[in-house]
Amino acid sequence: MLEWIYEDGIGERRAALVDGGHIIECHVERDDDGVSVGALCDARILPPDGGGMTLVRLAGGEEALLSALPSGTSIGTDILVAVTRSAIAERDMVKRAKCRPAPEGAPPRPAPTLFERIQATGTPVRTLHPHEDDALEDAGWSEWSDVALSGTMAFAGGVLRMALTPAMVVIDVDGTLAAAELARKGAEAAARAIRALGIAGNIVIDLPTQDSKAGRIAAAEAFDAALPLPFERTAVNGYGLLQIIRHRTGPSLAERWQFAPVASAALALLRRAERHGARNAGAEMLITANPAEIAWVSARPALVDALTRRTARHMALQADTAIGIGHGHAI
């Protein structure tokens, strides 16, 4: 049965599309994401940046790139814009959100929430609560988080290695199978990873080189069968390269984990703590984790307050240098 599992977490909302007990798509919405696709926002036109791109400052203070300057407007003009891509953090910088002039006469409106977006798909939605069995975990949430962080995913007979570069995502396929079979299974595995982690933009898959045109077509067809439209792709060329373009509206799960590992691990820690508090009685809860995670949580007292309210327990945070990032616990 195909269904969405939704969880309204602390600092982060999560949703997974589950088919036959296994996650096929992961989605995350965080408190600090900034503006999201679908929002119509009041904005003021700023001077161009160093690259000549037109900038606007949104009502909430965030800067965004404006695709086209409406006629008759100038620096300092107030306009309404439609957000087409949220900001995306990279390894050494943050790409600003993108927007375009909103349709004339349209009123400002917030972006649809993650819950509203999954509801709009028409697939049944099940909301997961902390006191219930962990259906997200059972369906593979942590496994996909591990793939997102490591950039590595094993499949029968091979392994994928993903590299997030400023220009594109490169997925290398390696393994011990014969070239044609490895290309076919690797293309299918890459498609599953792209879908599950929400990877978009410019993507290149490096498949095993093979002389057989039929083998290259079979690999491309395996990819198509595993990744729903919309996307555009090339044929698999003689060097085994397959290029895909998917519309990019925000950060992938891989970008969230690799470019913000402390925040991602801290939010996962708060999830574990909330579930522990919902299932175990007591007046206090001790959360022990890597110092970087404890510092991140301590700098956001609203999240600790939310955890206190939801569990009705007093919180104590303890840093332990012996614990690696992502391995904290609550007792």
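Now for a quick tour of the structure. (Residues numbered from 1 in each chain as written. Predicted model: local features only at pLDDT ≥ 70, side-chain atom pairs only at ≥ 80, totals over all residues. Heavy atoms only, no water.)

1. Section: the layout of surface pockets
Part 1 of the argument: Reported here for the largest pocket is a volume of approximately 1000 Å³.
Part 2 of the argument: Taken together, 31 residues line the largest pocket, and the ones lying closest to its centre are Glu25, His27, Arg117, Gly198 and Thr249.
Part 3 of the argument: For the lining of the largest pocket, the elements supplying multiple residues, two or more each, are β3 (22-30), α1 (114-119), α4 (179-197) and α6 (253-259).
Part 4 of the argument: If you tally residues by element for the lining of the largest pocket, the top one is β3, at five residues.
Part 5 of the argument: In the lining of the largest pocket, the residues fall into 15 nonpolar, nine polar and seven charged.
Part 6 of the argument: Put simply, the second largest pocket is a space of about 460 Å³. (1 Å grid on protein atoms, 1.4 Å probe; cavity = no way out; pocket = protein on both sides within 12 Å on 5 of 7 lines; lining within 4 Å. Points joined across faces, edges and corners; volume = space filled by probe spheres on them. Helix = DSSP H or I, 4+ residues; strand = E, 2+ residues; numbered from the N terminus. Nonpolar A, V, L, I, M, F, W, Y, C, P; charged D, E, K, R; others polar.)

2. Examining the pattern of salt bridges
Part 1 of the argument: Following the criterion strictly, the structure yields 23 salt bridges and no others.
Part 2 of the argument: With its nearest N and O atoms 2.9 Å apart, the salt bridge here joins glutamate 25 to arginine 195. Of this pair, glutamate 25 sits in strand β3 while arginine 195 sits in helix α4; the two residues are 170 residues apart in sequence, bridging distant segments of the chain.
Part 3 of the argument: A salt bridge links aspartate 224 to arginine 233; its shortest N-O distance comes to 2.7 Å.
Part 4 of the argument: The network of salt bridges with common partners includes Glu7, Glu12, Arg14, Arg30, Asp134, Arg271 and Arg275. (Salt bridge = Lys/Arg side-chain N within 4 Å of Asp/Glu carboxyl O.)

3. Let's talk about α4
Part 1 of the argument: Helix length check: α4, at 19 residues, gives a terminal C-alpha distance of 26 Å against a target of 27 Å (1.5 Å per residue), a fit within 8%.
Part 2 of the argument: Among all positions of α4, only Leu182, Ala183, Gly186, Ala187, Ala189, Ala190, Ala191, Ala193, Ile194, Ala196 and Leu197 are buried.
Part 3 of the argument: At the exit of α4 stands glycine 198, carrying a positive phi of roughly 70 degrees. (Expected span 1.5 Å × (residues − 1). Buried < 20%, exposed > 50% of the residue type's maximum accessible area, 1.4 Å probe, protein only.)

4. Some words on the environment of proline 251
Part 1 of the argument: With respect to the helices, strands and loops of the structure, proline 251 is situated in the loop between β17 (241-246) and α6.
Part 2 of the argument: Residue classification places proline 251 among the partly exposed positions, given a relative accessible area of 23%.
Part 3 of the argument: In this structure, the C-alpha to C-alpha distance between proline 251 and valine 28, residues 223 residues apart in sequence, is 9.3 Å.
Part 4 of the argument: With residues near it in sequence (within four places) discarded, proline 251 still touches Ser86, Ala87, Ile88 and Arg256. (Contact = heavy atoms within 4.5 Å.)

5. A look at the state of the cysteines
Part 1 of the argument: Within the structure shown, the criterion is met by zero disulfides.
Part 2 of the argument: Just so you know, cysteine 41 is unpaired, no disulfide at all, and the nearest cysteine sulfur is the one on cysteine 99, 8.1 Å from it.
Part 3 of the argument: On the basis of relative accessibility, which here comes to 2%, the residue cysteine 99 falls in the buried class. (Disulfide = S-S within 2.5 Å.)

6. Structural notes on unusual backbone geometry
When glycine is set aside, most residues are seen to have a negative phi, and most peptide bonds are trans.
Part 1 of the argument: A cis amide bond links leucine 229 with the next residue in sequence, proline 230, at an omega value of 10 degrees.
Part 2 of the argument: Here proline 230 lies in the loop between α5 (213-226) and β16 (232-233).
Part 3 of the argument: In the Ramachandran plot, alanine 312 falls in the positive-phi region, its phi being about 55 degrees despite a non-glycine side chain.
Part 4 of the argument: With respect to the secondary-structure elements, alanine 312 resides in the loop between α9 (301-311) and β19 (314-319).

7. Regarding the nonpolar core
Part 1 of the argument: Trp144, Leu160, Ile171, Leu197, Ile205 and Phe223 are the most contacted members of the largest nonpolar core, which has 51 residues in total.
Part 2 of the argument: Among the elements that line this core, the one with the most residues is α4, at ten residues.
Part 3 of the argument: Setting aside residues no more than four positions away along its own chain, leucine 160 makes contact with Gly151, Thr152, Met153, Phe155, Ile171, Asp172, Val173, Gly186, Ala189, Ala190 and Ala193.
Part 4 of the argument: Counting 19 residues, the second-largest nonpolar core is a separate cluster that includes Met285, Val297, Val304 and Met315. (Core = buried A, V, L, I, M, F, W, Y, C linked by side-chain atoms within 4.5 Å.)

8. A closer look at the side chain of serine 86
Part 1 of the argument: Positionally, serine 86 belongs in the loop between β7 (78-85) and β8 (88-89).
Part 2 of the argument: On the basis of relative accessibility, which here comes to 8%, the residue serine 86 falls in the buried class.
Part 3 of the argument: In this view, serine 86 contacts Val35, Ser36, Val37, Ala97, Thr249, Gly250 and Pro251; residues no more than four positions away in its chain are not counted.

9. Let's talk about the packing of helix α7 (residues 261-279) against helix α8 (residues 291-298)
Part 1 of the argument: Running from amino to carboxyl end, α7 crosses α8 at an angle of 75 degrees, the nearest separation of the two axes being 9 Å. Accordingly, the angle class assigned to the pair α7 and α8 is roughly perpendicular. Here Val262, Ala263, Ala265, Ala266, Leu267, Leu269 and Leu270 of α7 lie close against α8, whose contacting residues are Ala292, Glu293, Trp296 and Val297.
Part 2 of the argument: Residue classes in the contact of α7 with α8 are distributed as ten nonpolar, no polar and one charged. (Axes fitted to C-alpha atoms, helices over the stretch in contact; angles between N-to-C directions. Parallel < 35°, antiparallel > 145°, perpendicular 65-115°, else oblique.)

10. Description of the packing of aromatic side chains
To describe a pair of aromatic rings, one takes the distance between the centres and the angle between the planes.
Part 1 of the argument: This model, assessed by the stated rule, comprises two aromatic pairs.
Part 2 of the argument: Taken together, a centroid distance of 5.5 Å and an interplanar angle of 90 degrees make the contact between phenylalanine 223 and phenylalanine 231 edge-to-face.
Part 3 of the argument: A residue is classified by how much of its surface remains accessible, and phenylalanine 223, at 0% relative accessible area, is buried. (Phe/Tyr/Trp six-rings, centres within 6.5 Å; stacked < 30°, edge-to-face > 60°.)

11. A closer look at the pairing of strand β6 (residues 63-66)
Part 1 of the argument: Pairing of strand β5 (residues 54-58) with β6, which is carried by four bridges, proceeds in the antiparallel orientation. Within the sheet, the bridge partner assigned to threonine 54 lies in β6 and is leucine 66.
Part 2 of the argument: Count of turn residues in the β5/β6 antiparallel hairpin: four residues, of which glycine 61 carries a positive phi of about 100 degrees.
Part 3 of the argument: Where β6 lies against strand β10 (residues 97-101), three bridges are found, and the strand directions are parallel. By the bridge assignment for β10, leucine 66 is matched with cysteine 99. (Pairing = 2+ DSSP bridges.)

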